[in-house]
Amino acid sequence: MTALIPFHNIYKPTGVDNDAAEDLVLLHGWGLHSIAWDAIMPALLEHFRVTVIDLPGMGQSPLPNGDYDLDFVVGQIRRVLPERCHLLGWSLGGLVALRIALDEPDRVQSVATVATTPRFTASDDWPTAMKPEILAKFAELMEEDYEGTLVRFLALNCKGSATMREDVELLKEILYFCGLPAQRALRGGLEILRDADLRAELPGLQPPALMLFGENDNLVPAAVMSELEQLTPGIQLALLRDVAHVPFVSTPDLFTRALLDFYRDRGVLDAV
């Protein structure tokens, strides 16, 4: 019997020789799938061989049996990772990328995240984060109106962006392109965002790391950067102006410029 593995696609680079190219893996966020990265793919393919992966139960990925927690998702993604790679993760996908980089520093050459923190929900000792009741409300509403809750969440992703209306319409198109995600995957994903806490481990992260934030993000407040500066002084932080939770959709050129500058600074790419 064939084991279920996540959907993944490998794209050959356009600007460098395939045999010499390094591997970059993209991990999307809650409720969507890998087509969310399409706007930045041409710029990335100029420099990397790119693998896109749909998280279990989202996009075109099957949903094997098991408790849908962070270890489960990480275990599934590891099955289709290149032997050595750079990771780029957005939101929930960024949390997965950080977990893999912490666990397998010899396999992960660098890790970049966008709109991700080691803990997504606020607590007394982590105040600049999403209020837990926001996630709880989404979980409650999802049981009543699964599809409508997904669409409202997409709108919250884009709130605060200078291109909010266009961003929402594009994310809605992406949402329906592969069919709606499995409800078990959505419930499990919300529980990961509610419960996961990598703060104690993050200072020990070995691969070079970049964490990108949107200035007007309503889900991951940019103010968390001050907390991260104290927690992880070795990690590079960058703020993207006038964007919200999906800067690679709102301003793909600005986003890729910041990302590629990180790779150049770290010697992954040649300086311009």
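No experiment lies behind these values; they were computed from the predicted model shown.

Caption draft 1: Main features of the pattern of salt bridges. Scanning all chains against the criterion turns up 15 salt bridges. Note that Asp 103 and Arg 99 form a salt bridge whose closest N and O atoms lie 2.8 Å from each other. Of this pair, Asp 103 and Arg 99 both sit in helix α3 (residues 92-103), 4 residues apart, which is roughly one turn of the helix. The partner of Glu 140 in a salt bridge is Lys 137, with the nearest N and O atoms 3.7 Å apart. A residue pair is termed a helical-turn pair when its members lie 3 or 4 positions apart in one helix, as Glu 140 and Lys 137 do in helix α4 (residues 132-144) at 3 residues. Taking the relative accessible area as the measure of exposure, Glu 140 reaches 41% and is therefore partly exposed. If you follow the salt bridges from partner to partner, you end up with Arg 78, Arg 99, Asp 103, Glu 104, Arg 107 and Glu 201 in one network.

Caption draft 2: Geometry of the nonpolar core. The biggest cluster of nonpolar side chains holds 93 residues, and the ones touching the most others in it are Trp 30 and Phe 248. Among the elements that line this core, the one with the most residues is α3, at 8 residues. Those residues in contact with Trp 30 that sit more than four places away from it in its chain are Met 58, Leu 92, Met 142, Leu 150, Phe 153, Ala 185, Leu 186, Gly 189, Leu 190 and Leu 193.

Caption draft 3: Molecular detail of the packing of α4 against helix α5 (residues 146-158). Across the interface, α4 lies against α5 with an axial gap of 6 Å and an inter-helix angle of 145 degrees. When α4 is examined against α5, the residues Phe 138, Leu 141, Met 142 and Glu 144 are found in contact with a partner set consisting of Tyr 146, Thr 149, Arg 152, Phe 153 and Leu 156. Classifying every residue of the contact of α4 with α5 gives 6 nonpolar, 1 polar and 2 charged.

Conventions we followed
- Residues numbered from 1 in each chain as written.
- Predicted model: local features only at pLDDT ≥ 70, side-chain atom pairs only at ≥ 80, totals over all residues.
- Heavy atoms only, no water.
- Salt bridge = Lys/Arg side-chain N within 4 Å of Asp/Glu carboxyl O.
- Helix = DSSP H or I, 4+ residues; strand = E, 2+ residues; numbered from the N terminus.
- Buried < 20%, exposed > 50% of the residue type's maximum accessible area, 1.4 Å probe, protein only.
- Core = buried A, V, L, I, M, F, W, Y, C linked by side-chain atoms within 4.5 Å.
- Contact = heavy atoms within 4.5 Å.
- Axes fitted to C-alpha atoms, helices over the stretch in contact; angles between N-to-C directions.
- Nonpolar A, V, L, I, M, F, W, Y, C, P; charged D, E, K, R; others polar.

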